[in-house]
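Structure assessment
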Amino acid sequence: MTQAISTPAAQVLWVFGTGGTISGRAADPKDVLGYTAGEVSVDALLGDVAVPDGVSVRAEQVAQVDSKDMSWAIWQDLAQRVRAALMQPETRGVVITHGTDTMEETAYCLHRVLGPAVAHKAVVLTGAMRPASALEPDGPGNIADAMRVACAPGARGVALCMAGRVWDALQGQKLHSGRLDAFGARDGEAFAEVCAGEVSVTGDWPQPSGDAWAHALAAEAPWVELLTSGTQASARALQALISAGVEGVVLATTGNGTVHQDLLRAAEAAYAAGLPVVRASRTAHGNIRDGHPQAIPHAGGLSPFKARVEMMLRLASEQQAVLA
Ligand code: ASP
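Presented here is a report on the structure given in the accompanying data block. Predicted, not measured: the structure shown is a model, and the values here were computed from it.

Tallying secondary structure elements over the protein gives 7 helices and 14 strands in all. Viewed in the frame of its principal axes, the protein has a C-alpha envelope of about 60 × 45 × 35 Å. For the protein, the proportion of its 324 residues judged to be buried stands at 51%. If you take every contact in the protein between residues at least 6 apart in sequence, the share linking residues at least 24 apart comes to 73%. Counting only carbon and sulfur atoms, one obtains 51% of the accessible surface of the protein, whose full area is about 14,300 Å².

The next point concerns the site of the ligand. Every residue near the ligand is listed here: Gly 20, Thr 21, Asp 66, Ser 67, Gly 99, Thr 100, Asp 101 and Ala 128. In this structure, an oxygen atom belonging to the ligand sits 2.4 Å away from a side-chain N or O atom of Thr 100. In the environment of the ligand, an oxygen atom lies 3.0 Å from a nitrogen or oxygen atom belonging to the backbone of Ala 128. Taken together, the residues that form the shell around the ligand break down as 1 nonpolar, 5 polar and 2 charged.

Turning to the packing of aromatic side chains, a few remarks are in order. A full pass over the atoms with the stated rule returns 4 aromatic pairs. Plain terms: the ring middles of Trp 167 and Phe 183 are 6.5 Å apart, the flat faces sit at 35 degrees to each other, and that makes the pair tilted. Taken together, the residues Trp 167 in strand S7 (residues 165-168) and Phe 183 in strand S9 (residues 183-185) connect sequence positions 16 residues apart. Looking at Trp 167, the relative accessible area reads 1%, which means it is buried.

As a further point, take helix H6 (residues 261-272). Structurally, the α-helix is built with 3.6 residues per turn, so residues lying three or four positions apart point the same way. Compared with an ideal rise of 1.5 Å per residue, which puts 12 residues at 16 Å, H6 spans 16 Å between its outermost C-alpha atoms and is within 8% of the ideal. Taken as a whole, H6 has its buried residues at Leu 263, Leu 264, Ala 266, Ala 267 and Ala 270. In the core, the buried residues of H6 are packed alongside strand S12 (224-228), helix H5 (236-244), strand S13 (248-253) and strand S14 (277-281). Backbone geometry just downstream of H6 places Gly 274 in the positive-phi region, at approximately 115 degrees.

What counts, and where the lines are drawn
- Once a new chain begins, its residue numbering starts again from 1 and follows that chain's sequence as written.
- Per-residue local features of the predicted model are confined to residues with pLDDT of at least 70, and side-chain atom pairs are confined, for both listing and counting, to 80 or more; whole-chain, interface and lining totals are unaffected and use all residues.
- Hydrogens and water molecules were not included; the side-chain quantities draw on all heavy atoms of the structure.
- Put simply, DSSP H or I for four residues or longer makes a helix, DSSP E for two residues or longer makes a strand, and each gets a number counted from the N terminus.
- Think of it in three bands: with a 1.4 Å probe and only protein chains considered, a residue is buried below 20% of the maximum accessible area for its type, exposed above 50%, and partly exposed in between.
- Any two residues whose heavy atoms approach within 4.5 Å at even a single point are treated as in contact.
- Note that accessible areas follow from Shrake-Rupley with a 1.4 Å probe, and for residues the cover is restricted to the protein chains shown.
- Whether a residue is near a molecule or strand depends on its heavy atoms: if one lies within 4 Å, it is near.
- As used in this structure description, the phrase polar contact means that two N or O atoms lie within 3.5 Å; if the pair is within protein, one of them must be able to donate a hydrogen and the other to accept it, and residues adjacent in sequence are counted only when both atoms belong to side chains.
- Three classes are used: nonpolar for Ala, Val, Leu, Ile, Met, Phe, Trp, Tyr, Cys and Pro, charged for Asp, Glu, Lys and Arg, and polar for all others, with Gly counted as polar.
- Any two rings among Phe, Tyr and Trp, with Trp reduced to its six-membered ring, count as a pair given centres within 6.5 Å; such a pair is stacked if its planes are under 30 degrees apart, edge-to-face if over 60, and tilted if neither.
- A helix is expected to span 1.5 Å for every residue after the first.

What follows is the structure, encoded as structure tokens:
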């Protein structure tokens, strides 16, 4: 369903709804925890939000899920619709409403698959920490901010906008389970802020990635698991996964990419035998820097969660290349 929300204007701002707390509803407006995510339609969410000058808004409901249940199939559909919207000359930008729990994964996926499609237009994801039914919901303000960012001069790339700050898809991540300003950077700063409707850009707009993985989502979702290294880590979970046919493994490592010796031995053997394995630090911030030579490559500044998305897309794109 596509619906024009505001008066027609020369340029179009697309808003795709996927669910999340931002569209959540609880029986009691004072209840900000016992709600059900993904209940309020994207059209209804836009009801009270001021639209930036010079654009008309088109809203599409892509999904209505709690983002803990985000799926490859929804990514496929979302990426296809976002790409189609970006290709229309009248499109000024795209906003996506999304649950905060996996927003950074979807943002990273879109960054990798949209490639040059966002060279001159921005895709901005936003969400909320309070449901739409709350007495003081944060969703409407976040949507208004995200719209302004998507329409800002020079806007490009895939970004996340929450509580007045804006990060690129590599940096933005959820860092707090309850605060309204739940997001922050992996290793850096927000590149822009929105205050009273004004967007101030203090860094660089996100760089689009190459388009090598544009069709990755058309493949079957590869089975990639995350294994955490830490106290008493062992090879058992890895061995079980290999026996069950896992297609790739991300090791959530300690500190600067280190792995418990018992798990490391098994992971190196698996990697040498051809299983894709990558190391990504389980620390909340920072990136892995090369120290001692290691057989298993590292994911640099990617969190384990984004490293997993990266591996899924890479394996999917390899599957596609074999089929082509
Ligand atoms: N569980 C919710 C979700 O990710 C949390 C949120 O949106 O803030 O869909």
